Amino acid sequence: MTDTATTTDSRPRWLTTTGLRALFRERPIIPLIGLLAVLVVVSELIRPGIVNLNWGGVMVRAAVPLAILAGCQTMTMLTGGIDLSVGAVASMSGFVVATLVGGPGLATGILVALAVAAIVGLISGIGVGIFRVHPLIMTLGMSLVVLGFANVWQIQMVQTGSGVPDQFRDLGAGIFLGFVPRSLLLFLPLAILIILGLNRTGYGRLLYAIGDNPIASRLSGARSWQVLIVLYVISAVLAGVAGFLYSGLTNVASVTLADTAVLPSVAAAVIGGTSIMGGRGGYGGTMIGALILTVISSILSSLGYPEAVRQILFGALIIFVAAAYTRVTET
Amino acid sequence: MIRRHGWTLGLVGILLVLLVVTRIIQPTYGAAGVQGLAVSVLPLAFAAVAQAIAVIARGIDLSVGSMMALTSVISASLMEDRSEGFAVLVVIGVLLIGCVLGAVNGSLIVVTRVPDIVVTLAMLFVWAGCALLVLGTPGGGSAEWLRSLTGGSILNAWIPKAALLLLVIVAAIWIPIRRSRLGLSLYAIGSDPLAAYRSGVSVARTKIFAYTLTGLFSAFAGLTLTATTGIGTPVPGPYTLLSVAAVVLGGVSLAGGRGGVFGPIVAVVILSLLRTDMTFLNVNTNLATVAQGLILVGVVMVGSLLQLRKREP
């Protein structure tokens, strides 16, 4: 029914329904930036004068760790999977460093935390890639395992725990040049690496291929189990890095610190246009998705709405955006 | 018969062995222990039944825990300081609310055509938020008769009321449904939605029905949570996660269309008894969490290995 509109209408192509749908489908990042702009305007209307460079810096600073976790979801979702262990892994890594920094030192702490994260990812990857366990079950199970061990570690280390290292506080919460969050120094290279990795490397292409059609990718010679193992290791290590930022940002080291970020990270990826069925999406949209969620939280808290309303709105937003994507990509 | 119920029978065997082992580890474990076990597994057992129905219909409901929290706080806040008779109305009302919550989940899945897992993940936020709006902090109360319905034993010290209640409710609702056309459609859309559609099953309506049942059993789980603890807690417990684990252990295929609701119930009892045993053996409770995660992952791995071997002989 919309086909006739494109042929008879003299308006620019993007103004027609089909054009808009195509725009939404091909470049979801543009409507997302529009949504973000609307939210920024709403923030300004609610509290005139609040929107300035400092405010922007604070928003970006809060969004960065979430964006990293959402990157884990984006990559695993591209293959049709999901990584629900990111919360447990991130909390664990921040906590491990905080307990080790007093004794063996910061570098050892970081190495140990990332090594443990990599082992967790390796096990998840073996489960998903070789044993074909559903990623949801596998990563949920692994998060139980990680949480349990982290708790045991907590009991062991309760006397020697020495708090979040200054370097993390600086990296996670520091701001330089007046408004630029220091965490961008870590995040920007990471984001560029992820985007280039997904778009410009054979490995990235394999992730899309496996998610799009696992059988076709196997028949064309892709060893999906190797790809998946590497993927879950990358995802867990990224989650570990996000854990450093979380502990720095909040100045808290706890074994459940990042648990509440798991579902928002999935939400950010879904809002950013990555399909949970695999094969479609990218990291650009995810980053905007993380910013959108952060700005919404800030709007709601400046309106004085309780946590409950924030949760309800988050949920409604996920369904709405996911439904919109399903509509435009099906036709 | 044995082939069809092989998994469940195997689980019952494991459970019996575990009970004997428990008795050996802790010679004082007796009727009181069994009663405590029955009471403590009641909410999770209902949650597992709820999850099993969603999974049989080729779905998954990540909002089970939140629906339990919501129904639990609604019942606890309405029953506080009210008459025993009023509580009967509350129970009926809360069960209806459970059906509505489930129907909303199912309708959203059908209407938006977004995968079940995304929709229920989002509804997890929504229902948990609603629960917090109803009751900001743990509180409320439970009617006396509801509490006495789950505690204690009946006929014989070895038959806990809680176990009987669970079996009667699940059997009374599930067995008639399973034997009806609707039950058949439920399994049909689970094993092959396209084939079910072509043979005249309304996939959309059956799916909404399945989620409504999931909501109903989540409401039962929430009510028993209020009844056994005496209060309502707005923050969802780990029930969603454990219900998925129990469903998988209970022999329901995550691919849909296979399994029943009694296997998951036995699995819940086994998981809980394992935890009890580890406490008796002075194992750190955190290591017990690790063990639960490993059992979950291990069983699924073995299960999928068996399937892989069957498919590629």
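Whatever comes next refers back to the structure up there.
Residues numbered from 1 in each chain as written. Chains lettered and ligands numbered in written order. Predicted model: local features only at pLDDT ≥ 70, side-chain atom pairs only at ≥ 80, totals over all residues. Heavy atoms only, no water.

### Notes on the overall build of chain B
And then number 1: Helix and strand counts for chain B come out as 13 helices and two strands.
And then number 2: Over its C-alpha trace chain B gives a radius of gyration of 19 Å, about what one expects of a compact globule, namely 20 Å for 313 residues.
And then number 3: Overall, chain B is about 55 × 45 × 35 Å in size when its C-alpha atoms are taken along their principal axes.
And then number 4: A burial count over chain B gives 52% of its 313 residues as buried.
And then number 5: Considering only contacts in chain B between residues 6 or more positions apart, those separated by 24 or more positions represent 79%.
And then number 6: Total accessible area computed for chain B in this model is approximately 13600 Å², and 68% of it derives from carbon and sulfur atoms. (Helix = DSSP H or I, 4+ residues; strand = E, 2+ residues; numbered from the N terminus. Rg over C-alpha atoms; globule rule 2.2 N^0.38 Å. Buried < 20%, exposed > 50% of the residue type's maximum accessible area, 1.4 Å probe, protein only. Contact = heavy atoms within 4.5 Å. Areas by Shrake-Rupley, 256 points an atom, 1.4 Å probe, with all protein chains shown as cover.)

### Looking at the nonpolar core
And then number 1: Within the largest apolar cluster, 190 residues are counted, with the highest numbers of intra-cluster contacts made by Phe46(B), Ile53(B), Val170(B), Trp174(B) and Phe217(B).
And then number 2: Contact partners of Phe46(B), with chain neighbours within four places excluded, come to Leu166(B), Ile169(B), Val170(B), Phe217(B), Phe220(B), Ala221(B) and Thr224(B). (Core = buried A, V, L, I, M, F, W, Y, C linked by side-chain atoms within 4.5 Å.)

### Regarding the interface of chain A and chain B
Many structure descriptions define interface size as the accessible area lost when the parts assemble.
And then number 1: Contact residues are listed per partner, giving 41 residues for chain A and 40 residues for chain B.
And then number 2: Interface area, chain A with chain B, both sides summed: about 3500 Å², of which 85% is carbon and sulfur.
And then number 3: In this structure, the connection of chain A to chain B is made through zero salt bridges.
And then number 4: Taken together, the links from chain A to chain B amount to one residue pair in polar contact (both at pLDDT 80 or more).
And then number 5: Mapped by element, the contributors of at least two residues to the side of chain A that touches chain B are α7 (135–156), α13 (262–271) and α15 (307–330) of chain A. (Buried area = accessible area lost by both parts, 1.4 Å probe. Salt bridge = Lys/Arg side-chain N within 4 Å of Asp/Glu carboxyl O. Polar contact = N/O pair within 3.5 Å; in protein donor to acceptor, adjacent residues only side chain to side chain.)

### With respect to the pattern of salt bridges
And then number 1: Summed over the entire model, instances satisfying the criterion amount to three salt bridges over all chains.
And then number 2: We note a salt bridge from Asp166(A) to Arg169(A), for which the minimum N-O separation is 2.5 Å. Within this pair, Asp166(A) and its partner Arg169(A) are both found in helix α8 (residues 166–173), separated by three residues, close to a single helical turn.
And then number 3: Measuring nitrogen to oxygen at the nearest pair gives 3.3 Å for the salt bridge that ties Asp116(B) to Lys207(B). Here Lys207(B) lies in helix α10 (residues 203–229) and Asp116(B) lies in helix α5 (residues 116–134), a separation of 91 residues in the sequence. One exposure class covers both Asp116(B) and Lys207(B), and it is buried.

### Remarks on helix α6 (residues 106–129) of chain A
Given 3.6 residues per helical turn, the α-helix brings residues three or four places apart onto the same face.
And then number 1: For α6(A), spanning 24 residues, the distance from its first C-alpha to its last is 33 Å, which sits close to the expected 34 Å at 1.5 Å a residue.
And then number 2: Within α6(A), burial applies to Leu106(A), Gly109(A), Ala113(A), Ala117(A), Val120(A), Gly121(A), Ser124(A), Gly125(A), Gly127(A), Val128(A) and Gly129(A). (Expected span 1.5 Å × (residues − 1).)

### Remarks on the environment of Gly230(B)
All names here are of chain B.
And then number 1: Checked against the element boundaries, Gly230 lands in the loop between α10 and α11 (239–249).
And then number 2: The spacing of Gly230 and Gly139 is 91 residues in sequence and 8.6 Å in space, taken between C-alpha atoms.
And then number 3: Each residue touching Gly230, except ones within four places of it in the same chain, is listed here: Gly140, Gly141, Ser142, Arg147 and Leu225.

### A look at the packing of aromatic side chains
And then number 1: Here the structure, examined in full by the defined rule, presents six aromatic pairs over all chains.
And then number 2: Ring plane angle 65° and centroid distance 6.2 Å describe the contact between Phe314(A) and Phe125(B), whose orientation is recorded as edge-to-face. Taken together, the residues Phe314(A) in helix α15 and Phe125(B) in helix α5 connect one chain to another. One exposure class covers both Phe314(A) and Phe125(B), and it is buried.
And then number 3: The interplanar angle of 25° and the centroid separation of 6.5 Å between the aromatic rings of Phe46(B) and Phe217(B) together place this pair among those described as stacked. One end of the pair, Phe46(B), is in helix α2 (residues 31–56); the other, Phe217(B), is in helix α10, with 171 residues separating them in the sequence. Across the pair, Phe217(B) and Phe46(B) agree in class, each one buried. (Phe/Tyr/Trp six-rings, centres within 6.5 Å; stacked < 30°, edge-to-face > 60°.)

### Things to note about the packing of α13(A) against helix α14 (residues 283–302) of chain A
All names here are of chain A.
And then number 1: In contact at an axis separation of 7 Å, α13 and α14 are set at 125° when each is read in the N-to-C sense. Between α13 and α14, the angle is such that the two are oblique. Remark: the crossing between α13 and α14 carries right-handed chirality. Counted together, Pro264, Ala267, Ala268, Ala269 and Ile271 of α13 and Thr286, Gly289, Ala290, Ile292 and Leu293 of α14 form the full contact between these two elements.
And then number 2: Grouping the constituent residues of the contact of α13 with α14 by class yields eight nonpolar, two polar and no charged. (Axes fitted to C-alpha atoms, helices over the stretch in contact; angles between N-to-C directions. Parallel < 35°, antiparallel > 145°, perpendicular 65-115°, else oblique. Left-handed = near helix turned anticlockwise from the far one by under 90°. Nonpolar A, V, L, I, M, F, W, Y, C, P; charged D, E, K, R; others polar.)

### Side note on the pairing of strand β2 (residues 156–160) of chain B
Two faces belong to every sheet, and in a regular strand the side chains alternate between them.
All names here are of chain B.
And then number 1: Two elements, strand β1 (residues 153–154) and β2, share two bridges in a ladder whose sense is antiparallel. If you follow Ile154 over to β2, its bridge partner there is Asn156.
And then number 2: Counting the residues between successive antiparallel strands, the hairpin from β1 to β2 contains one residue, one of them, Leu155, with a positive phi of roughly 65°. (Pairing = 2+ DSSP bridges.)

### A word on α5(B)
And then number 1: Its 19 residues place the ends of α5(B) 26 Å apart at the C-alpha level, agreeing with the 27 Å of an ideal helix rising 1.5 Å per residue.
And then number 2: Where burial is concerned, most of α5(B) is hidden: 15 out of the 19 residues are buried.

### Details of the packing of helix α3 (residues 29–46) of chain A against α14(A)
A pair of packed helices is characterised by two quantities: the angle between their axes and the separation of those axes.
Residue and element names in this part refer to chain A.
And then number 1: With their axes 10 Å apart at the nearest point, α3 and α14 run at an angle of 20° to one another. Relative to α14, the element α3 is oriented roughly parallel. The interaxial crossing formed by α3 with α14 has left-handed handedness. Contacts from Ile29, Leu32, Ile33, Leu35, Leu36, Leu39, Val42, Ser43 and Ile46 in α3 reach Gly284, Gly285, Ile288, Leu291, Ile292, Val295, Ile296, Ile299 and Ser302 in α14.

### Concerning unusual backbone geometry
Among all residues except glycine, the phi angle is most often negative; among peptide bonds, the trans geometry is most common.
And then number 1: For Arg132(A), which is not glycine, the phi dihedral falls at a positive 60°.
And then number 2: With respect to the helices and strands, Arg132(A) occurs in the loop between α6 and α7.
And then number 3: According to the relative accessible area criterion, Arg132(A) is partly exposed, its value standing at 44%.
And then number 4: Of note in this structure, Arg58(B) is not a glycine but carries a positive phi near 60°.
And then number 5: Relative to the helices and strands, Arg58(B) is located in the loop between α2 and α3 (64–79).

Just distances and angles here, no functional claims.
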